[in-house]
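# Secondary and tertiary structure notes
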Amino acid sequence: MYAKLVIKNAKRSFKDYLIYIVTLTICVTLFYSFLSVSSRYYQPDIGNAYDLTILGSSMKLSICVVTLLLLFLIRFVNRYMLLRRQKEFAVQSIMGMEQKTIGRLFFAETLIMGLFSIGTGIFLGIFCSQFITAMLLTSYGKRFRLSWTLFPDTALLTVVFFVISFSVAGIFNIRTIRKTKIIDMLLAEKENEPDLRKSRWIYAVTILFELLVTVMLVSGIRKFYFYYDSRYALPVELMFLGNILSPAAALLLPLLWLFQNLFLKKKRSFQTLLLSLLPCSVLNAVTAASVPSLTAKYYLPLGDGTVRLYLFFILTDLLFFICCIIYLAASLILAWKEKSPEHKYQNENLFFFGQIISKLQTASKTMTLTSITLMLAVFLFLSAPILTGWANGYLDARSMYDVQIYSGYRQIYQEQYLPDEAYEIVTEFLADEQIKTEYDCTFHLYLPKKEDFHNRMKYDFPIAAISLSDYNTIRTMLGLEQITLKDNEFTTHWKAVATEDERNEFLKEHTSAETDCGSLICSSQAYHLERMGQTMYNVYTNVLFVFPDNVCKNLLPVIQNRYIKTARPLSYDTASRLEQAFVSKYPQMTAEGVSYDIRLRTLQKNSTKTDMFVLQSSMLYGAVVLMVICLTVLSLQQLLDADCYRYRFGVLRKLGAEERNIKKLVLKQLGVWFGLPVTVSIAAAAAVTVYFVQTVSKEISAYIGFTALLQQTGFTAGILGALLICYFISTWMLLGYSIGIPGGRK
């Protein structure tokens, strides 16, 4: 009998819980799709240069951790179901059924819907996993072919993970039903959240914000006292003053508000204080954002942790801004309604304003949390292609040779310890493995003046020089044309991250180069920009001198590198053994202070592409999960009040409102309900993303390109828009069905 009752309730509840089922199906689909690459049965053809063992374990860990967020969604939706069924549970209790039994039946009902979602999600995941495979093979530079395969271990892990999640939520549901009084169940529909004016969460947020502003003010004063110098450029002076005056204003306004209310007996509402703090939070964010930017631009010695501290201040101001906007939304709409009688009494607008203001007042906390979570989801969407594109572009720039050996002298303080090695162990290993080489170049980097050997200031390291013959050998390795220099000339080679302004300023100041062999003049071709690797520069420098061979013979060699291009790419196993053999003889740091390192293209590509694929997948998966959670919460918040809306719109019909206008009212109501948090979150995430892009603009220009970045951003924005449209339309259809709009009338 109980089994029949569970099945009957599940069938009857299917339409009411459609949003939950669709959401859970999407999450199961994503979970299976992303985890499919970690299956032991997953064996794509990527060649012997890559090893997917680390990829599989990393993907499994990251995806499972992110999916724990779904426990919140499952718990929230179960709470929604409990509220919808409270009266039914009360009737069953009055008829004599034990509340423990009611809880178990409800758990069985939700488990049936969950199992249906799991089965549907795994089926759809078989198709969606092809997109993940395509993304993986594309990142490894391989061709993609369709292959429909069910991975048993991934399917089993998916079932176990979600069944455990349902069971945990079910235990809490049974406990809740057992402890809820029957009278409370009967009156549950009449309960409402506290009114906006009585809610205290915003007071706690404001107090916390003022405490952090105090920390910001103290930090600004300390930075000014210890690091301010009148010789700084004007932007730096404004930065120091702004980070004192702006927090001071944010602290002064609450004091003035308290003084007016307590001593002048002027009743100033708390909303008035929040309105005055809004521009302060924006100004605080701007002044705090100037610290990391100007610190990097002017090499300001502001102490360790300064950048991280001010990034935290930016986040604080941004979160407070979102809280204020959502909290004040109802008050702002109410003020606009009262000041615009022509809109207030036009058609059914009076009813519309009442609906929106009432809902915003009772759900401001939920709306705020949703907006903050959506902001995080949008930021993950937008930043994922930036980070992965940056890493992949940098990988191409630093992995230009199959074997790349380089040394360092930062910890060497005596010239006799400078490296002079041919790295014969590499030659022997390649010979033993019968690996042919196409090019092999061992070369030194020199200091133009010997006295610069003891210069170890971080941002004032001397620029190294390379001989013309070695430079041309490397250019030949990369398929570039050779260059020529006269005996008294030099030229320069620049990193990709160096800006045009930086290059022009340097060349303007260095029309000649002073060396231990005399002065050299700049060649007519003063610079070269081709990518030639990241290890042919001295540390903390973006430029390399190219001197004639006869000059370099008389200079001090401080770095010795070796670049090798093999006839065929090294396999992953071979590259690993070569790295171990090299490290066994040349440690990362010797007792004399010489540092050695080896980069193998095979290992670099394998580790970087694996890490970037896991990062990109985790960020995109996390963004989709967070967005699905937020949109589900927004949707269910509206559907939870469907019974109230049915009554209110029924009264509106009896007053003579046309069905066409009722449809418009529903669309407008959902437009505000979805549009407010989405607009606020997108605006906040866009501001953070623009600041982030501006901060790393040199790297983006060098390794990604803004055109490619815009294309990737447009693709992710399309995904975001598609999810939003799907949830909006689904909610509109279900809400229309609930209130009896023609086409969905019961």
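Below: a short report on this structure. (Residues numbered from 1 in each chain as written. Predicted model: local features only at pLDDT ≥ 70, side-chain atom pairs only at ≥ 80, totals over all residues. Heavy atoms only, no water.)

### Structural notes on the overall build of the protein chain
Looking only at helices and strands, the protein chain features 24 helices and 9 strands. Every one of the 746 residues in the protein chain was classed for burial, and the buried ones make up 50%. Considering only residue pairs separated by 6 or more positions, the protein chain has 85% of its internal contacts joining residues 24 or more positions apart. For the protein chain, the accessible surface area stands at approximately 36,600 Å², while carbon and sulfur atoms represent 61% of it. (Helix = DSSP H or I, 4+ residues; strand = E, 2+ residues; numbered from the N terminus. Buried < 20%, exposed > 50% of the residue type's maximum accessible area, 1.4 Å probe, protein only. Contact = heavy atoms within 4.5 Å. Areas by Shrake-Rupley, 256 points an atom, 1.4 Å probe, with all protein chains shown as cover.)

### So, the side chain of N472
On the secondary structure map, N472 appears in helix α16 (residues 468–477). Excluding residues within four positions of it along the chain, N472 makes contact with Q482 and I483.

### A short note on the pattern of salt bridges
Considering all chains together, one arrives at 7 salt bridges under this definition. Here D229 makes a salt bridge to R231, at a shortest N to O gap of 2.7 Å. Take R231: its relative accessible area is 73%, and that puts it in the exposed class. In the salt-bridge network here, residues are joined through shared partners; they are E433, D573 and R577. (Salt bridge = Lys/Arg side-chain N within 4 Å of Asp/Glu carboxyl O.)

### What to know about helix α15 (residues 424–432)
Since the α-helix packs 3.6 residues into each turn, any two residues three or four apart lie on the same face. Among the residues of α15, I425, V426, F429 and L430 are the ones counted as buried. When α15 is viewed along its axis, its buried side chains cluster within an angular range of 135° and face the same direction. Set apart from the buried face of α15 by more than 90 degrees, the exposed residues are A431 and D432. Lining the buried residues of α15 we find β1 (403–408), β2 (437–447), β8 (556–566) and α19 (572–585). One or two positions beyond α15, positive phi appears at Q434, with a value near 55°. (Arc of directions from axis to C-beta.)

### Focus: the environment of F224
Mapped onto the fold, F224 is located in helix α8 (residues 201–227). Given a relative accessible area of 30%, F224 falls into the partly exposed group. Distance from F224 to N243, taken between C-alpha atoms, is 9.0 Å for residues 19 residues apart in sequence. Residue contacts for F224: discarding those within four places in its chain leaves F240, L241 and I244.

### A few points about the nonpolar core
By size, the foremost hydrophobic cluster in this structure holds 102 residues, and its most contacted members are Y20, F31, M59, F162, Y621, M627 and F649. With 18 residues, the single largest contributor to this core is helix α20 (residues 601–640). In this structure, M627 is in contact with L374, A377, F381, L720, L723 and L724, ignoring residues within four places of it in sequence. F443, Y471, I474 and L578 belong to the second-largest nonpolar core, a separate cluster that totals 47 residues. (Core = buried A, V, L, I, M, F, W, Y, C linked by side-chain atoms within 4.5 Å.)

### Here we look at a positive patch on the surface
A contiguous patch of positive charge on the surface is contributed by K100, R104, R175, R178 and K179. Elements supplying a minimum of two residues to the positive patch: α5 (99–139) and α6 (152–179). With 3 residues, the single largest contributor to the positive patch is α6. Along the polypeptide, R104 turns up in helix α5. (Patch = residues over 30% accessible without salt bridge, like charges linked within 9 Å, V, L, I, M, F, W, Y side chains within 5 Å. Lys, Arg positive; Asp, Glu negative; His and termini not counted. Charge placed at Lys NZ, Arg CZ, Asp CG, Glu CD.)

### Notes on the packing of helix α13 (residues 349–362) against helix α22 (residues 659–695)
The geometry of α13 relative to α22 is characterised by a closest axis approach of 10 Å and an angle of 30° between their N-to-C directions. As summarised for this structure, α13 and α22 are arranged roughly parallel, according to the angle between their axes. The crossing of α13 and α22 is right-handed. Residues N349, F351, F352, Q355, I356, K359 and L360 of α13 touch α22, and the partners they reach there are L665, K668, Q669, V672, W673 and L676. Its residues placed into classes, the contact of α13 with α22 shows 8 nonpolar, 3 polar and 2 charged. (Axes fitted to C-alpha atoms, helices over the stretch in contact; angles between N-to-C directions. Parallel < 35°, antiparallel > 145°, perpendicular 65-115°, else oblique. Left-handed = near helix turned anticlockwise from the far one by under 90°. Nonpolar A, V, L, I, M, F, W, Y, C, P; charged D, E, K, R; others polar.)

### Describing a nonpolar patch on the surface
There is a patch of nonpolar side chains on the surface, built from L252, L255, L256, L258, F259, L262, F263 and L264 and spanning about 800 Å² of accessible area. A relative accessible area of 60% means that F263 is categorised as exposed.

### Some words on unusual backbone geometry
Notably, Y423 is not glycine yet its phi reads approximately 55°, a positive angle. As for its position among the elements, Y423 is in the loop between β1 and α15. Its relative accessible area of 0% is what places Y423 among the buried residues.

### A word on a negative patch on the surface
Together, E500, D501, E505 and E509 line one region of the surface with negative charge. Mapping E509 onto the fold places it in helix α17 (residues 500–509). Overall, the relative accessible area of 56% leaves E509 in the exposed class.

### Considerations on helix α10 (residues 270–298)
Compared with an ideal rise of 1.5 Å per residue, which puts 29 residues at 42 Å, α10 spans 42 Å between its outermost C-alpha atoms and is within 8% of the ideal. The sharpest bend along α10 measures roughly 25° and falls at L277, with the proline P279 sitting one to four residues further on. Phi for Y299, located one or two positions after α10, is positive at around 55°. (Expected span 1.5 Å × (residues − 1). Bend = angle between axes of the 7 residues up to and from the residue.)

### A few points about the packing of helix α2 (residues 18–35) against α20
Between α2 and α20, the shortest axis-to-axis distance is 10 Å and the interhelical angle comes to 175°. Taken together, the axes of α2 and α20 lie roughly antiparallel to each other. Contact residues: I19, T23, I26, C27, L30, F31 and F34 in α2; S617, Y621, V624, V628, T632, S635, L636 and L639 in α20.

### A few points about the packing of aromatic side chains
Inspection of every chain in the model, using the stated rule, returns 33 aromatic pairs. Between F443 and Y563 the ring centres are 5.1 Å apart and the planes differ by 75°, which places this aromatic pair in the edge-to-face class. Residue F443 is located in strand β2, and its partner Y563 is located in strand β8; the two are separated by 120 residues in the primary sequence. Comparing F443 with Y563 shows no difference in burial state: the two are buried. In this arrangement the basic side chain of R503 is found over the ring face of Y527, its NZ or CZ atom lying 4.5 Å from the centre. (Phe/Tyr/Trp six-rings, centres within 6.5 Å; stacked < 30°, edge-to-face > 60°. Lys NZ or Arg CZ within 6 Å of the ring centre and 35° of its normal.)

### A few points about the side chain of Q638
Relative to the elements of secondary structure, Q638 occurs in helix α20. Classification of Q638 by relative accessible area gives buried; the value is 1%. Side chain to side chain, Q638 and Q669 meet in a polar contact 2.9 Å long. With residues near it in sequence (within four places) discarded, Q638 still touches K359, Y645, Q669, L670, W673, T731 and L735. (Polar contact = N/O pair within 3.5 Å; in protein donor to acceptor, adjacent residues only side chain to side chain.)

### Focus: the environment of Q355
Within the fold, Q355 resides in helix α13. Residue Q355 is classed as buried on the basis of its relative accessible area, which comes to 5%. Q355 sits 290 residues away from Y645 along the chain, and the two C-alpha atoms are 9.0 Å apart. With residues up to four places along the chain from it excluded, the contact list for Q355 reads Y645, R648, F649 and Q669.

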